[in-house]
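Letter by letter, the chains look like this.
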Amino acid sequence: MNRALSPVLAFAVAAAGIGLFSIMDAFMKSLTLALGVYNALIWRTGVSTIFSFGAWIAGGRQRPSRRGMWLHTIRGAITAAMALLFFWGLARVPMAQAITLSYIAPLLALLLGAIFLHERVGRRVAGASFAAFAGVLVVIAGQSKNATLGPQALEGAIAVLASALLYAVNLVVARMQSQAATPGEIAFFQSMIVTALLALAAPWLLATPEAAQWWKIVVGGLLASVSLFLLGWAYAHGEAGYLATTEYTSFVYAATLGYFIFDERLSPYTLAGAVIIVSACLYAARRRDIAQAALQSAA
């Protein structure tokens, strides 16, 4: 799986995957506002399963190993909870703010990598953790000054932060997963498992979307499937620490899409918080051994 290829190519593929995921976030925000987070997510992941099944078949329909299936199941469960929290929060806060708060995940992944891989956590990571937390406080402070966001904005921010914690765990599992399975296999089984888990609540929560929403569901599902495939390929061929910075390009997409689609203005507090958090993550990742412990991917 880990063939030596150009790092620039792996970086470009990962950046493309992040870009498609960011566009998908805009579709999901619209769907969540129209359908609620459960129905938006289950229908989108259901469509993603269909698309990714075709990719898996085209790639030779390789059956997952026992270890691979275990990793698919673990990541699918984490992703289901993570996505529900993130999209619920995304519907209540501006896109750029939600993406900014999620940026603490790479730093949390560094800490988790140190815990599970027995890496030493030095002053660099400890200092970066405090700095990132300060960045989160800056974003939330700006939110408290913006009355137009509504009373549920703080709840949305908390949901995004909880999602970021799960995302950090997801990053660790994703790197192990990329070494045990092909990108097509990862995309299909992750979508299938997430859909199956969400379907457990279908007797109580499932509703059929209106006809006007179906094109968003289909496009969102296609974007998610292609993005998962690209990210799975990139992280199977590139170092996690090097590819980690592609995550931060999503801020540009979120700010742009939020402004043009949802008329969301970029708060100076959000911009300042983003600079602090991203700088802290990059500062912590400068040590190569810790950067390699940050087993990155996207979900």
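Everything here concerns the structure above.
Residues numbered from 1 in each chain as written. Predicted model: local features only at pLDDT ≥ 70, side-chain atom pairs only at ≥ 80, totals over all residues. Heavy atoms only, no water.

Trainee: Help me get a handle on the overall build of the protein, residues and values and all.
Mentor: Within the protein one finds 14 helices and 0 strands. Mapped in sequence order, the helices and strands of the protein form the string α-α-α-α-α-α-α-α-α-α-α-α-α-α. In the protein, which comprises 299 residues, the share counted as buried stands at 52%. Put simply, 90% of the contacts in the protein that link residues at least 6 apart link residues at least 24 apart. For the protein, the exposed area adds up to about 13,300 Å²; of that, 69% sits on carbon and sulfur atoms. (Helix = DSSP H or I, 4+ residues; strand = E, 2+ residues; numbered from the N terminus. Buried < 20%, exposed > 50% of the residue type's maximum accessible area, 1.4 Å probe, protein only. Contact = heavy atoms within 4.5 Å. Areas by Shrake-Rupley, 256 points an atom, 1.4 Å probe, with all protein chains shown as cover.)

Trainee: Residue-level account of unusual backbone geometry, with values.
Mentor: Positive phi, close to 55 degrees, is recorded for Asp263, a residue that is not glycine. Looking at the secondary structure, you find Asp263 in the loop between α12 (250-262) and α13 (268-284). By relative accessible area, Asp263 is classed as exposed at 51%.

Trainee: Describe the packing of aromatic side chains, naming the residues involved and giving the relevant values.
Mentor: Within this structure, the stated rule accounts for 10 aromatic pairs. Both rings, one in Trp43 and one in Trp214, keep their centres 5.1 Å apart while their planes meet at 75 degrees; by these two values the pair is edge-to-face. With Trp43 in helix α2 (residues 37-58) and Trp214 in helix α10 (residues 214-237), the pair connects residues that are 171 residues apart, well separated along the chain. Here the aromatic cluster, defined as three or more aromatic residues joined through ring pairs, consists of Phe53, Trp56, Phe188 and Phe189. The positively charged end of Lys29 is found above the aromatic ring belonging to Phe262, 5.1 Å away from the centroid. Looking at Arg92, its charged tip hangs above the ring of Trp88, at a distance of 3.8 Å from the centre. (Phe/Tyr/Trp six-rings, centres within 6.5 Å; stacked < 30°, edge-to-face > 60°. Lys NZ or Arg CZ within 6 Å of the ring centre and 35° of its normal.)

Trainee: Could you give me a rundown of the side chain of Glu185, with the residues and numbers involved?
Mentor: Summarising the element assignment, Glu185 is placed in helix α8 (residues 183-199). It turns out Glu185 is buried and unbridged, and the closest side chain with the opposite charge, Arg63, is 9.5 Å from it. Contacts of Glu185, omitting those with residues within four sequence positions, involve Trp56, Gln62, Arg63, Pro64 and His72. (Lys, Arg positive; Asp, Glu negative; His and termini not counted. Salt bridge = Lys/Arg side-chain N within 4 Å of Asp/Glu carboxyl O.)

Trainee: Account for a nonpolar patch on the surface, with residues named and values stated.
Mentor: Judged by side-chain polarity, Phe51, Val218, Leu222 and Val226 come together as a nonpolar surface patch covering roughly 280 Å² of accessible area. At 3 residues, the largest contribution of residues to the nonpolar patch is made by α10. Tracing the sequence through the fold places Phe51 in helix α2. Residue classification places Phe51 among the partly exposed positions, given a relative accessible area of 33%. (Patch = residues over 30% accessible without salt bridge, like charges linked within 9 Å, V, L, I, M, F, W, Y side chains within 5 Å.)

Trainee: Which residues make up α12, and what values go with them?
Mentor: Within the sequence span of α12, burial applies to Ser250, Phe251, Ala254, Leu257 and Gly258. The buried residues of α12 all sit within an arc of 140 degrees when viewed along its axis, so they share a single face. Across α12 from its buried face, at more than 90 degrees, point the exposed residues Val252 and Phe260. Two residues or fewer past α12, Asp263 is found with a positive phi of approximately 55 degrees. (Arc of directions from axis to C-beta.)

Trainee: Tell me about the pattern of salt bridges, and name the residues and values.
Mentor: This model, assessed by the stated rule, comprises 2 salt bridges. When the shortest N-O distance is used, the salt bridge between Lys29 and Glu264 registers 2.3 Å. Of the two residues, Lys29 sits in helix α1 (residues 7-35) while Glu264 sits in the loop between α12 and α13, which places them 235 residues apart along the sequence. The pair Lys29 / Glu264 is uniform in exposure class, with both members buried. Arg265 is the partner of Asp263 in a salt bridge, and the nearest nitrogen-oxygen pair spans 3.2 Å.

Trainee: I'd like to hear about the packing of α2 against α10, residue by residue, with values.
Mentor: The geometry of α2 relative to α10 is characterised by a closest axis approach of 8 Å and an angle of 55 degrees between their N-to-C directions. If you check the angle between α2 and α10, you find them oblique. Crossing geometry of α2 relative to α10 is assigned as right-handed. The residues of α10 that touch α2, namely those facing Trp43, Arg44, Val47, Ser48, Phe51 and Ser52, are Trp214, Ile217, Val218, Gly220, Gly221, Leu222, Ala224 and Ser225. Residue composition of the contact of α2 with α10, grouped by class: 8 nonpolar, 5 polar and 1 charged. (Axes fitted to C-alpha atoms, helices over the stretch in contact; angles between N-to-C directions. Parallel < 35°, antiparallel > 145°, perpendicular 65-115°, else oblique. Left-handed = near helix turned anticlockwise from the far one by under 90°. Nonpolar A, V, L, I, M, F, W, Y, C, P; charged D, E, K, R; others polar.)

Trainee: If you had to explain the nonpolar core to someone new, which residues and values would you point to?
Mentor: Within the largest apolar cluster, 67 residues are counted, with the highest numbers of intra-cluster contacts made by Met24, Met28, Phe86, Phe87 and Tyr103. Looking at this core element by element, the count peaks at 10 residues for α1. (Core = buried A, V, L, I, M, F, W, Y, C linked by side-chain atoms within 4.5 Å.)

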